[in-house]
Amino acid sequence: MFTFFLKRLGVMALTMLCLTIVVFSLVNLDPNLRKLSISQTNMRATDVEIESWLVNNGYRDPFIERYGSWLGVWPRQPNIDEKTGEAVSRFKYCDDPTVPTFSGVLQGDFGCSTKFKKKVADKLIPALQSTGWLMFWVMAVMIPSALLIGILAGMREGSRTDRSLSIISITSTATPEYVSGIFFTVIFASWLGWLNGSAATATSKGITFYNFALPVMTMAIYGMGYIARMTRASMVEVMTAQYIRTARLKGMGFYAVIIKHALRNALIAPFTVIMLQFPWLLTGVVIVEIMFRYQGFGFTLVQAAGNNDIDLLLACSLVSVVVVLVTQLISDVGYAYLNPRIRVK
Amino acid sequence: MEFLSTFDIITTTLVQLWPTWLALVILVAASFAFQNQLGLYGRLFDSGVGIVGVLIVAFWIFTAIFADIIAPFDPLDQIVVMKNKLPGAIEPGSGEAFLFGGDKLARDVFSRVVYGSQIVLIIAPAATIFALMVGISLGLPAGYYGGKTDTILSFLANLVLAFPVILLFYLLVTPGITETPIPYAMAGLFFLFPIVFFVTLFYSRYKKRAEVLWIQLAITLTLGGWIYAGLVFDADPLGIISIDPNELNIFVAVVFATSPAVFRIVRGLVMDIKTRDYIAAAQTRGETPWYIMLWEILPNARGPLIVDACLRIGYTTILLGTLGYFGLGMAPESPDWGTAIKEGSRLLRLYVHPALFPAAALMSFVLGLNLLADSLREESMKD
C-alpha cells in the first residue's frame, strides 16, 4: 500500500511538471506575449517598443531559465533600469525583490498577477474560497438527489418509476450548464421573479437562497444525471445478486433488504463516479460563475486567460490539475478501501 | 408592426419545416418496412425510447440538409426594423414572419437556428470520427501489447485528461494561436491517423493478395491525401474541401480533448477481448499482431464503441457549445448554437427568445443522441 502510494505521488508530480511546462510554453507563445505587452504598456506601441518592453521585463530570457525561476530552482532576476543601470523591482505592485532570489512555486511564491496588480496568492485564495462554497452547495444538492433517483430507479428494474426516472436523468445529462442556466433564469428570475439572476451580491453580502439557488441548481442538474445513472446501474446489478434473493426468501421486507443489504454494496461504484466528477465540475464552475457573475475561481481563470496573465494562469492550471489528480487518487484508494475484493497491490 | 398569434407561429413553423417532415415520413416508413433486414438499427424501432431517439436525431440531420429550403431568411441578414422583435413579428419587406423573433442585431432567430444546425452537425460528428480513429489506433496497441507501449501511451492520455477541458480550450483556441503553426502541426498529426489506420487495415489482411491490396491502397491514399491536403494545407487541387482556420483550430482542439477518453475505452475493451479463445486461435495460426487487433479484436468491440460514439457526438456538441459560449474560435456572427446562446444571454432579462431557441435546439439534439445511445446499448445487450 505504501509503495503504491509513493508511486502514485511520483506519477502525479511528473504529470504536474509536464502540464506546467505545456501551459508555460503556450502562454509564452509570441502572439500571447505581444498581447500582454500591449495591454501592459497601455499604448499603441510599435513593434520595436513591444520588443524592447519584452526584453526589459525578462520575457525574452531563455525558456529554461524562466520556467526554472517560476518553479523556484533558478534565481528570479530583477529588471535593470535602462537609464541608471540599477536593479529595480520587476513588479512594483507586488514588492518583487531587487536582488536575484530563489522564489518560485516550490518556495510558495506563485508570482504576480499583471491583470489585477497584486500577488497571485492574494487574488486566488479568496476566489478559491468563494468557489469552495459554490462547490459545497452543489455537492450538497447534487449527491443526495442523484443517489436517491438512482436507488429508486434501480430498485425495480423496468418498472414505471425506473423508466420515468431514467428519462429524467438522460435529459439532465443532455442539459449543459449554459442551457439549463438560461432556462432557469427565464423561469425563476424573469417570469416568476423568485430568484436573483445574478450571484454578484453573494461575494459582498453573503450567500442567501435568493442569490445562490440559481447557480447551484444550474450546476447540479448537469452532473446529477450521470451519477444517478451510474447508481442505477450499480443498484440493478446488486439487486440480481444471490444474497438479496436469500434475504428476500428469508422473509425480510423489501425495503429492509434495500436499506440493510443492497445499499452498502450499490454505493461503491457511485463513490468513484462522484470523485471523478470533480474535473467536470471545474468546467461547470467556469460557465456558471461567468453566467451569474460570481467572483470565484472560474471567473479568475477566464480573466487570466483573456488577458494572458501568465503567473495567474499558471497558478490556476496548477490548482485545477491538483484537483483532478487528487480526486483520482482518492477515488482509487477509496474504491479499494470500500470494496474488500479489490486490494491494492 | 403586425404579429402572428401563438397558434399561427406554431403552425407556420411546422409548415416551414415541410422538407424535414417529408424526409422523416419516408425514413420511418422505410425503416418499418425493412425492419427485419436492418439489424441493430431495425431493432431500435422496437422500443419507444429508440424511436424517439432516431426521430430527434434524424429531424436535425434533415433540417441541416434542407436548411436552404427551410430558412426563410439569410442567417446573417440584418433587417434593422426587426431588432429584438418578439416571435411572430412580420417583416414588412417580404411579408414573411420572424417566427422566433429577431436578435439584437436584427437577424431572424429561426433561420439562424436552422443554419446553426449545419455547423454543429458537421463539426461534432466529424470531430468524433477523428477522435475515434486516433483513440482506436493508439488504444489497440496499448491494450494488446501492454508493457512499455501501454505505460507511455497511458501516461500521455492521462496527461491530457488531467487538463481541465476549459483551460485546454482557452490555451488552444485563442485567436493568437492561429498565427503560430501549432494548430496546423496538430491537424497534420491527427489527420494522419485515419490514413495510417486504413492502410494498416487493408495491408494486414490482403498483403498476400497484391491485386486487391493495390486497389484498396490506391483508393485510400488518393482519397486520404486529397482530404488531407484540403484540410491541413488548404491546398485542395479541386477546391472542394477547404476549412476556415478558426474551424480547423476548434476541430483540432476537440479531437485532442476527446481522443484520450476513446483511447481509454478501447484499451479496456482490448484487454478484455484479448483473453478470449478466438484470439489464442488466431495467434496459433500465426496471424500478425495488427491483423489480430484490426480484424479479430476491433469487430468484436464494435458494440460498446458504437454506443460510445453516439454519446460522444452529444458530448462534442456540448463542447462546441461551450466554446461558442466563451466566444472561443467561432466568428462572433456565426449562427452556431453556442455562439447564439452567448449573444442571446447578454440581454436575457430583457429579451428571452434569442437565447431560448438555440438552447432548446442544442438540448434536444443532445437528448436525441443520448436516447439513441441508451436504446442501442439495451438492444445490443440482448444479443
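Residues numbered from 1 in each chain as written. Chains lettered and ligands numbered in written order. Predicted model: local features only at pLDDT ≥ 70, side-chain atom pairs only at ≥ 80, totals over all residues.

Chemist: Is there a simple way to think about the overall build of chain B in this case?
Modeler: Regarding its fold elements, chain B presents 17 helices and two strands. In terms of C-alpha radius of gyration, chain B reaches 23 Å, essentially the compact-globule figure of 21 Å for 383 residues. If you line up chain B on its principal axes, its C-alpha atoms span 80 × 55 × 40 Å. Relative to its 383 residues, chain B shows a buried fraction of 45%. Restricting to contacts in chain B with at least 6 residues of sequence separation, those with at least 24 account for 71%. (Helix = DSSP H or I, 4+ residues; strand = E, 2+ residues; numbered from the N terminus. Rg over C-alpha atoms; globule rule 2.2 N^0.38 Å. Buried ≥ 20, exposed ≤ 12 C-beta atoms within 10 Å, placed from the backbone. Contact = placed C-beta atoms within 7 Å.)

Chemist: Any chance you could explain the overall build of chain A here in plain terms?
Modeler: For chain A, the helix and strand inventory stands at 15 helices and four strands. Relative to the globule expectation of 20 Å for 345 residues, the C-alpha radius of gyration of chain A, 25 Å, shows a markedly less compact shape. Overall, the C-alpha framework of chain A stretches about 90 × 60 × 30 Å when taken along its three principal axes. Counting every position in chain A, which comprises 345 residues, the buried fraction comes to 38%. Considering only contacts within chain A whose residues lie at least 6 apart along the sequence, 67% involve residues at least 24 apart.

Chemist: What exactly am I supposed to notice about the packing of helix α4 (residues 48-65) of chain B against helix α6 (residues 109-145) of chain B here?
Modeler: The description of two helices packed together rests on the angle between their axes and the distance between the axes. All names here are of chain B. Packing of α4 against α6 leaves a shortest axis separation of 8 Å and a crossing angle of 105°. Accordingly, the angle class assigned to the pair α4 and α6 is roughly perpendicular. Along its contact with α4, which presents Trp60, Ile61, Thr63 and Ala64, the element α6 presents Val114, Ser117, Gln118 and Leu121. Residues of the contact of α4 with α6, tallied by class, amount to five nonpolar, three polar and no charged. (Axes fitted to C-alpha atoms, helices over the stretch in contact; angles between N-to-C directions. Parallel < 35°, antiparallel > 145°, perpendicular 65-115°, else oblique. Nonpolar A, V, L, I, M, F, W, Y, C, P; charged D, E, K, R; others polar.)

Chemist: Looking at this model, I keep getting lost on the confidence of the model for chain B. Mind explaining?
Modeler: Low-pLDDT portions of the prediction should not be read for the details of their coordinates. On average, residues of chain B score 86 in pLDDT, and 100% of them reach the 70 mark or higher. Reported confidences for the modelled complex are a pTM of 0.87 and an ipTM of 0.84. (pLDDT = per-residue confidence, 0-100.)

Chemist: What exactly am I supposed to notice about the interface of chain A and chain B here?
Modeler: By a frequent convention, interface size equals the accessible area lost on bringing the separate parts together. Residue-level contacts link 36 residues of chain A with 34 residues of chain B. For the side of chain A that touches chain B, the elements supplying multiple residues, two or more each, are α1 (2-27), α2 (30-41), α6 (160-173), α7 (177-191), α13 (278-291), α14 (297-306) and α15 (310-338) of chain A. Per-element accounting of the side of chain A that touches chain B gives the leading share, seven residues, to α7 of chain A. Looking at side-chain class alone, the side of chain A that touches chain B contains 24 nonpolar, eleven polar and one charged residues.

Chemist: Hey, could you run me through the environment of Ala218 of chain B in this one?
Modeler: All names here are of chain B. By secondary structure assignment, the location of Ala218 is in helix α11 (residues 210-232). Overall, the presence of 10 C-beta atoms within 10 Å leaves Ala218 in the exposed class. For Ala218 and Met330, which are 112 residues apart along the polypeptide, the C-alpha to C-alpha distance reads 36 Å.

Chemist: So what exactly am I meant to see when it comes to unusual backbone geometry here?
Modeler: With a phi close to 50°, Arg293 of chain A is a non-glycine residue in the positive phi region. With respect to the helices, strands and loops of the structure, Arg293 of chain A is situated in the loop between α13 and α14.

Chemist: Would you take a moment to explain the packing of α6 of chain A against helix α17 (residues 353-381) of chain B for this structure?
Modeler: Two numbers describe how α6 of chain A lies on α17 of chain B: the axes approach to 9 Å, and their chain directions differ by 130°. Here α6 of chain A is positioned oblique relative to α17 of chain B, judged by the angle of their axes. Crossing geometry of α6 of chain A relative to α17 of chain B is assigned as right-handed. Facing Ile170, Thr171 and Thr173 of chain A of α6 of chain A, the residues of α17 of chain B in contact are Leu367, Asn370, Leu371 and Asp374 of chain B. (Left-handed = near helix turned anticlockwise from the far one by under 90°.)

Chemist: It is not clear to me how the confidence of the model for chain A should be interpreted in this structure. Could you clarify?
Modeler: With 93% of its residues at a pLDDT of 70 or more, chain A has an overall mean of 82. No element of chain A has a lower mean pLDDT than strand β2 (residues 87-88) of chain A, which averages 68, and none a higher one than α6 of chain A, which averages 89.

Chemist: How should I be thinking about helix α12 (residues 245-273) of chain B in this particular structure?
Modeler: Helical geometry note: an α-helix holds 3.6 residues per turn, so side chains three or four residues apart project in the same direction. The first and last C-alpha atoms of α12 of chain B sit 40 Å apart over 29 residues, in line with the 42 Å expected at 1.5 Å per residue. The largest bend in α12 of chain B comes to about 30°, at Thr258 of chain B, with the proline Pro260 of chain B one to four residues further on. (Expected span 1.5 Å × (residues − 1). Bend = angle between axes of the 7 residues up to and from the residue.)

Chemist: Help me understand the environment of Arg8 of chain A, please; the structure alone is not making it clear to me.
Modeler: Residue and element names in this part refer to chain A. Structurally, Arg8 can be placed in helix α1. Take Arg8: there are 16 C-beta atoms within 10 Å of it, and that puts it in the partly exposed class. Spatially, the C-alpha atoms of Arg8 and Leu325 are 9.6 Å apart, while their sequence positions differ by 317 residues.

Chemist: I tried to follow the nonpolar core on my own but got confused; where do I start?
Modeler: As a rule of thumb, nonpolar side chains are buried together in soluble globular proteins. Residue and element names in this part refer to chain B. Of all hydrophobic cores here, the largest spans 189 residues; its most connected members are Phe169, Ala253, Val254, Val255, Cys310, Leu323 and Leu369. Ranked by residues supplied to this core, first place goes to α6 with 21 residues. Filtering out sequence-adjacent residues up to four positions away, Phe169 remains in contact with Ala253, Leu323 and Leu328. (Core = buried A, V, L, I, M, F, W, Y, C linked by C-beta atoms within 7 Å.)

Chemist: Explanation requested: the environment of Val11 of chain A in the structure shown.
Modeler: Inspection of the secondary structure assignment puts Val11 of chain A in helix α1. Taking C-alpha positions, Val11 of chain A is 9.7 Å from Leu325 of chain A, a pair spaced 314 residues apart along the chain.

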